[in-house]
Amino acid sequence: MKQKILEHLPKTDCQMCGMTCADFAAFLLSGDLTPQECPVLQEDAYATQREALAEILASLAARAKSGHLIDPDKCSGCGICLIVCEYNAANDPESRQGKGPYSTAKVVLRIVNGRVMLADETLCTRLLQAADKCTKCQDHCPTQAIVLV
Ligand code: SF4
Ligand code: SF4
Ligand code: SF4
């Protein structure tokens, strides 16, 4: 996704924003900067890129606060993410087996109809951690169905 954003930046690395275009793209992805903070992008010549970028960022605005971007088409329903998620495992015995579709326990992730879904993003520890945020579900997913941004 960062690469996709970078494609629509001027890619001049002029550093007027105080960094390279690639670093700027990462901050756009995280939501910490906006396209308006790239002076070069405001030039008329970049009108098309501005529009494309606005579309991409609007789609990301719907992303979960915890940073999860889940692609259900890539999810095999293997349940590995449920097992490695410490919150899930601690609160739901069925999650420790990669299961739990009918469990009523409060969990971050749940497998429903063979696909993972965010059951309650507010329980994800990423929302509480300032640094070294947990990335276990992303790191252990064999199909890259979970991307954390
Ligand atoms: S100001 Fe814009 S063009 Fe210049 S480095 Fe930053 S993002 Fe790239
Ligand atoms: S980021 Fe960590 S705490 Fe959040 S759902 Fe993934 S494994 Fe669980
Ligand atoms: S998101 Fe990944 S780890 Fe989780 S169930 Fe789907 S394929 Fe398995």
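Residues numbered from 1 in each chain as written. Chains lettered and ligands numbered in written order. Predicted model: local features only at pLDDT ≥ 70, side-chain atom pairs only at ≥ 80, totals over all residues. Heavy atoms only, no water.

**Topic: the overall build of the chain**
Step number 1: In terms of helices and strands, the chain carries six helices and four strands.
Step number 2: In the chain, the succession of helices and strands from N to C terminus is α-α-α-β-α-α-β-β-α-β.
Step number 3: Across its three principal axes, the chain shows a C-alpha extent of roughly 55 × 30 × 20 Å.
Step number 4: A buried classification covers 35% of the 149 residues belonging to the chain.
Step number 5: Long-range pairs, those at least 24 residues apart, make up 46% of the contacts in the chain with a sequence separation of at least 6.
Step number 6: For the chain, the exposed surface amounts to about 8,600 Å²; the carbon and sulfur share of it is 52%.
Step number 7: Taking the average place of the 15 positive charges on the side chains of the chain and the average place of its 18 negative ones, the gap between the two points comes to 8 Å. (Helix = DSSP H or I, 4+ residues; strand = E, 2+ residues; numbered from the N terminus. Buried < 20%, exposed > 50% of the residue type's maximum accessible area, 1.4 Å probe, protein only. Contact = heavy atoms within 4.5 Å. Areas by Shrake-Rupley, 256 points an atom, 1.4 Å probe, with all protein chains shown as cover. Lys, Arg positive; Asp, Glu negative; His and termini not counted. Charge placed at Lys NZ, Arg CZ, Asp CG, Glu CD.)

**A look at the domain arrangement of the chain**
Step number 1: Domains assigned within the chain are domain 1 (1–61) and domain 2 (68–148).
Step number 2: Here domain 1 and domain 2 have C-alpha centroids that lie 30 Å from each other. (Domains from an automatic or database assignment.)

**What to know about the confidence of the model for the chain**
Step number 1: Summarising the model, the chain shows a mean pLDDT of 88, and 95% of its residues fall at 70 or more.
Step number 2: Mean pLDDT values for the elements of the chain range from 85 in helix H3 (residues 47–61) up to 97 in helix H6 (residues 136–140). (pLDDT = per-residue confidence, 0-100.)

**Brief notes about the pattern of salt bridges**
Step number 1: Considering all chains together, one arrives at one salt bridge under this definition.
Step number 2: We note a salt bridge from glutamate 86 to lysine 136, for which the minimum N-O separation is 2.1 Å. On the criterion of sequence distance, the pair formed by glutamate 86 in helix H5 (residues 86–91) and lysine 136 in helix H6 is long-range, its members being 50 residues apart.
Step number 3: You can call glutamate 86 exposed: its relative accessible area is 54%. (Salt bridge = Lys/Arg side-chain N within 4 Å of Asp/Glu carboxyl O.)

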